[in-house]
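Tertiary structure, described
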Amino acid sequence: MSTSDKKMEDAVRLKEEGNKYFQNQNYEEASRSYSQALTLTKDKALLAILYRNRAACGLKMESYAQAASDASKAIDIDASDIKALFRRCQALEQLGKLDQAFKDVQRCATLEPKNRNFQETLRRLNSSIHEKLHVQFSTDSRVQKMFEILLDENSETEKLEKAANNLIVLGREDAGAEKIFQNNGVALLLQLLDTKKPELVLAAIRTLSGMCDGHQARAMAILHTIQTDRLCGWMAVEEEEISRAVCSLLQTIIDALSGEDKRGHRGKEEAVVLDTKKDLKLITSHLLDMLVNKKVSGQGRDQALNLLNKNIPRKDLAIHDNSQSIYVIENGLRKILKVVGQVPEQPSCLPLTDNTRMLASILLNKLYDDLRCDPERDHFRKICEEYITGKFDPQNMDKNVHAIQTVSGVLQGPFDLGNQLLGMKGVMEMMVALCGSDREQDQLVAVEALIHASTKLSRATFIITNGVTLLKDIYKTTKNERIKIRALVGLCKLGSAGGTDYGLRQFAEGSTEKLAKQCRKWLCNVNIDRRTRRWAVEGLAYLTLDADVKDDFVQDIPALQAMFELAKTNDKTILYSVATTLVNCTNSYDVKEVIPELVQLAKFSKQHVPEEHPKDKKDFVEKRVKRLLKAGVTSTLACMVKADSAILTDQTKELLARVFLALCDNAKDRGTIVAQGGGKALIPLALEGTDVGKVKAAHALAKIAAVSNPDIAFPGERVYEVVRPLVRLLDTQRDGLQNYEALLGLTNLSGRSEKLRQKIIKEKALPDIENYMFENHDQLRQAATECMCNMVVNKEVQERFLADGNDRLKLVVLLCGEDDDKVQNAAAGALAMLTAAHKKLCHKLTQVTPQWLEILQRLCLHDRLSVQHRGIVIAYNLLAADQELAKKLVQSELLEILTFVGKQEPDEKRKQVVEAARDCLIKCMDYGFIKPFS
């Protein structure tokens, strides 16, 4: 065989392989097979088929641009390829190119005039095009009207504001955004910004955001018109709302330029390849300059840090390219360190908010984590060391304070790096010297640095040996409340080193409770500034590891309320401390399982054995959860989740998810959680964060979805976002309870609407639900069968049962013969709906297992009325499907059963069952198999 013949044979084999994958709904593998085949052949007829088939895969995988391209290649080979034409039509319709799609389907209808599918698509597209034209003309007139009002100097303020807000709405629509852009709208919007009127400025910024959203070419043109420095100048203003709006605009531009907007580009611009790297680098450069610019407000600096946090480090470490982080380290690390080292009490301090330094520490941590190798990390460390040693000056105490504050800030970011900086010559000595200083600001900085340095006791040996003595001396000698609180927190931190181990208490009996009592007292004192009260919560975050402390704290309602109020303020640096305190109070941290044999072994070898505090037992935890719910913890958590700041880290989200899961444990409390906004708050936690956090949040969502009305728990479009987290819980790596409650949640959702069933199918949940129907565990099998009972209403699910070569119908029939009433009920319900929908399935039912008739008879005689009713409905469907099949049923004992049931008195409970049996008998009479008894 020649090489060309061999290649041809391989191409045909790969095509057949692709067809099999496609039939099994494995579209990615099918597409891969077709792609391999395309490289092996030059035969035009085969090429056309391969391109056409790959286009079908593209449609299934929602890669519409690729599908349209492949279909076009098939049409280039054979202009009358009707399948390729129709597939291109479908792809173009999804891409919004209705006029081109209409032309393709018009050709299909010409080639096959009697094809109903083509005629229906032709009518639908015709209607859509008319509707789009109507919107286009009405949009033109609306944009024109808005412009006239905004350009008129004599327009009333109310009219101006209304017109500006209408522009925002128009800017979000594709037709409106394009019309504004083409009618010199950007220049007009810049005029609005120059008015300096806050309402008009906000409207102009939000309109620009809408115009840039999802449209790369337009975003680039707008950025070049306005210029990056001008955008950063607007973001630098004091007004929080304007600064946030500009930050949102810049994020929209960055998403559009970097291709992060995954919704697919609007319009025809996908044909244009734009080089956006230069613009993205320029934006980064301006954001770094903002960090050290004295003219930038604290709010503006926070937004710049938020943008850097969100866009610079890699979102997935599997991506090799970390060039953005390297660029920021080279050009901006010193600037970030300058922000971290700011001391608010010094006259030279940059404008800051409560969150600025923490945001800078988080950015340092993200940049350090984004480095790929030791040489990169060493370079990062050297820059930090040079910066800090450059600040040490025996003649200038302010510079020394700045150096120690920088170390303190790094310790809140990449702790390993901070620990290395602590070991630098003179750092610890300077901290001790500052502790003994007469100036309040020196002592504040030194004590805070000591607290951050004692995060990992096993590493900070100096702190273990000297920290307690230093902090105790400061606590006893200082009369300044602000320093006293911080010293106390340091003691709390060192005192909680034993964690939850009752046998490893650091302080004498009762000392921990005294420290906690003092923290609660300061927390409730509204006369103390908010920044200082925050430290009281920090102290409780450590002390609540002690069961006595957490029990007392939960009973102190004023202290709880004070903490909740602080959590709702603009100071987001408190989020982690509040979340940690709540995790401790609800015992939602991970506890290592204690193996009794190892405990005995440890005792025998005189090793320490962890002890559980009596108040950490389940009944005490349940009481604490009840008290927290009563105090309004859910609304506080919901408020914390909404924090639009990089300070809400993935670790903090995980802590919040843990608390939510603990709160949802009792089904009776879930209504309260939903009423206070817990259902909505859990969705973002289940979609973003650490893997553990997402699983915990998804589990909490499953608990709520299983027992609540989804329309109330997740109003509007939010309910569709719940499906994906629940489907992820069906993984076999999750535990049985998570699988079970996810199935219950999906059962509840699938019973609500066809749109939700479609969403469950789209998330590829069906194979998992089917797998759990085979499960040995009774409850899992029951939950999966109930879910499938709701899903079979969907036509796509019915098609799976109709397909040849699978045992889906056999499984449902056999489940009807189970001893478990609930499994029987669900399986019989599914079978009743399937046999009602398709006569083919009625015939198939009689072929899947020899026991089918015995199982059906058992259902029709079942003690539970709902099961019996479903069994008789199945019998009716079989009788109605086909006369031959009906004859087979009448010749069995089933006729006797139906006669017995039909003769019973139809009381209120049995009415449905008796009437269904009588309907079966009437059907038999219609066939002439039986005669009425006179």
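On a predicted model such as this, the values are computed, not experimentally measured, just so you know.

How each quantity is defined
- Residues numbered from 1 in each chain as written.
- Predicted model: local features only at pLDDT ≥ 70, side-chain atom pairs only at ≥ 80, totals over all residues.
- Heavy atoms only, no water.
- Helix = DSSP H or I, 4+ residues; strand = E, 2+ residues; numbered from the N terminus.
- Buried < 20%, exposed > 50% of the residue type's maximum accessible area, 1.4 Å probe, protein only.
- Areas by Shrake-Rupley, 256 points an atom, 1.4 Å probe, with all protein chains shown as cover.
- UniProt positions renumbered as here; feature names shortened; annotations may be inferred.
- Phe/Tyr/Trp six-rings, centres within 6.5 Å; stacked < 30°, edge-to-face > 60°.
- Lys NZ or Arg CZ within 6 Å of the ring centre and 35° of its normal.
- Salt bridge = Lys/Arg side-chain N within 4 Å of Asp/Glu carboxyl O.
- Polar contact = N/O pair within 3.5 Å; in protein donor to acceptor, adjacent residues only side chain to side chain.
- Contact = heavy atoms within 4.5 Å.
- Arc of directions from axis to C-beta.
- Core = buried A, V, L, I, M, F, W, Y, C linked by side-chain atoms within 4.5 Å.
- Disulfide = S-S within 2.5 Å.
- Axes fitted to C-alpha atoms, helices over the stretch in contact; angles between N-to-C directions.
- Left-handed = near helix turned anticlockwise from the far one by under 90°.
- Nonpolar A, V, L, I, M, F, W, Y, C, P; charged D, E, K, R; others polar.
- Parallel < 35°, antiparallel > 145°, perpendicular 65-115°, else oblique.
- pLDDT = per-residue confidence, 0-100.

**Brief notes about the overall build of the chain**
The number of helices and strands found in the chain is 52 helices and 0 strands. Dimensions of the chain, computed from C-alpha atoms along their principal axes, come out at roughly 110 × 75 × 75 Å. Taking all 934 residues of the chain together, the buried fraction comes to 52%. As displayed, the chain offers around 45,000 Å² of accessible surface, 49% of which is attributable to carbon and sulfur atoms.

**Observations concerning the UniProt feature "repeat: TPR" (unreviewed entry) in the chain**
The UniProt entry lists residues 11–44 under the feature "repeat: TPR" (unreviewed entry), expressed in the numbering used here. Between the end C-alpha atoms of residues 11–44 there is a gap of 12 Å, over a span that is 76% helix and 0% strand.

**Overview of the packing of aromatic side chains**
Within this structure, the stated rule accounts for 4 aromatic pairs. Plain terms: the ring middles of Tyr368 and Phe380 are 5.3 Å apart, the flat faces sit at 65° to each other, and that makes the pair edge-to-face. Highlighted residues: Tyr368 in helix H18 (residues 356–369) and Phe380 in helix H19 (residues 374–391), separated in sequence by 12 residues. Both residues of the pair, Tyr368 and Phe380, belong to the buried class. Pairing Tyr927 with Phe929 gives two aromatic rings, centres 5.4 Å apart and planes at 40°, and the pair type is tilted. Among the residues examined, Phe929 registers a relative accessible area of 25% and is labelled partly exposed. A cation sits over an aromatic face here: Lys484 above Tyr475, 4.9 Å from the ring centre.

**Focus on the pattern of salt bridges**
Per the counting criterion, the structure on display carries 48 salt bridges. Residues Asp370 and Arg314 are paired through a salt bridge, measuring 2.7 Å at the closest nitrogen-oxygen approach. Within this pair, whereas Asp370 is found in the loop between H18 and H19, its partner Arg314 is found in the loop between helix H16 (298–311) and helix H17 (323–340), the two being separated by 56 residues in sequence. For the pair formed by Asp370 and Arg314, the shared burial category is buried. Here Arg800 and Glu770 are joined by a salt bridge, their closest N and O atoms 3.3 Å apart. Of the two residues, Arg800 sits in helix H44 (residues 795–802) while Glu770 sits in helix H42 (residues 766–773), which places them 30 residues apart along the sequence. Accessibility classification places Arg800 together with Glu770 in one group, the buried group.

**Structural notes on the side chain of Gln904**
In this structure, Gln904 sits in the loop between helix H51 (894–902) and helix H52 (911–927). Polar side-chain contacts of Gln904 include one of 2.8 Å to the side chain of Arg910. Once residues lying within four places of it in the same chain are set aside, the contact partners of Gln904 are Arg910, Val914 and Arg918.

**Here we look at helix H50 (residues 883–890)**
Within the span of H50, buried status applies to Leu885, Ala886, Leu889 and Val890. Across the axial projection of H50, the buried residues extend over an arc of 140°, all falling on one side. The inward-facing, buried residues of H50 abut helix H47 (839–848), helix H48 (852–860), helix H49 (865–881), H51 and H52. The backbone nitrogen of Glu884 lies 3.3 Å from a side-chain oxygen of the residue at the head of H50, namely Asp882.

**Regarding helix H9 (residues 174–182)**
Those residues of H9 that sit buried are Gly176, Ala177, Lys179 and Ile180. The arc that holds the buried residues of H9, viewed along the axis, is 165°, so those residues lie on one side.

**Quick look at the nonpolar core**
Phe380 and Leu523 are the most contacted members of the largest nonpolar core, which has 261 residues in total. The element contributing the most residues to this core is helix H14 (residues 240–258), with 10 residues. The residues touching Leu523, leaving out its near neighbours within four places in the chain, are Arg533, Ala536, Val537, Leu540, Phe553, Ala559, Ala562, Met563 and Leu566.

**Remarks on the state of the cysteines**
Scanning the entire structure with this criterion turns up 0 disulfides. Its sulfur unpaired, Cys89 is 6.6 Å from the next cysteine sulfur, which belongs to Cys108. Just so you know, Cys789 is unpaired, no disulfide at all, and the nearest cysteine sulfur is the one on Cys787, 9.7 Å from it.

**So, the environment of Gly210**
Considering the arrangement of structural elements, one finds Gly210 in helix H11 (residues 198–212). Accessibility expressed as a relative area gives 7% for Gly210, which makes it buried. Measuring from C-alpha to C-alpha, the distance between Gly210 and Gln868 comes to 58 Å, with 658 residues separating the pair along the chain.

**A few points about the packing of helix H36 (residues 678–687) against helix H37 (residues 691–707)**
One way to put it is that H36 packs onto H37 with a least axis distance of 7 Å and a crossing angle of 145°. When you trace H36 past H37, the crossing you get is left-handed. Within the contact between the two elements, H36 uses Gly679, Leu682, Ile683, Leu685, Ala686 and Leu687 and H37 uses Gly693, Lys694, Ala697, Ala698, Ala700, Leu701 and Ile704. Of the residues assigned to the contact of H36 with H37, the class counts are 10 nonpolar, 2 polar and 1 charged.

**Thoughts on the environment of Gln561**
When you line up the elements, Gln561 lands in helix H29 (residues 557–567). A relative accessible area of 31% means that Gln561 is categorised as partly exposed. Taking the C-alpha atoms as reference points, Gln561 and Ala631, 70 residues apart in sequence, are found 7.1 Å from one another.

**What to know about the packing of H49 against H51**
Between H49 and H51, whose axes approach to 12 Å, the crossing angle comes to 125°. In terms of their interaxial angle, H49 and H51 are classed as oblique. Between H49 and H51 lies a crossing of left-handed hand. Side by side, H49 and H51 meet where Gln868, Ile872, Ala875 and Leu879 of the first sit next to Leu894, Leu898 and Val901 of the second. Of the residues belonging to the contact of H49 with H51, the class tally is 6 nonpolar, 1 polar and no charged.

**Brief notes about the confidence of the model for the chain**
Mean pLDDT over the chain works out to 86, with 91% of the residues at or above the 70 mark. The model gives residues 262–273 a pLDDT under 50, and that stretch makes 21 contacts with residues more than four places away or in other chains. Under a pLDDT of 50 for its full length, residues 498–506 has, in the predicted model, 19 contacts with residues more than four places off or in other chains.

**Some points on unusual backbone geometry**
Of note in the backbone geometry, Asn587 takes a positive phi value of approximately 55° without being a glycine. Positionally, Asn587 belongs in the loop between helix H30 (575–585) and helix H31 (596–604). In the Ramachandran plot, Lys764 falls in the positive-phi region, its phi being about 60° despite a non-glycine side chain. Structurally, the position occupied by Lys764 is in the loop between helix H41 (754–762) and H42.

**As for the environment of Pro351**
Along the chain, the position of Pro351 falls in the loop between H17 and H18. Pro351 sits in the partly exposed class, given a relative accessible area of 28%. When residues no more than four places from it in sequence are discounted, the contact partners of Pro351 are Lys294, Val296, Ser297, Gly298 and Arg301.

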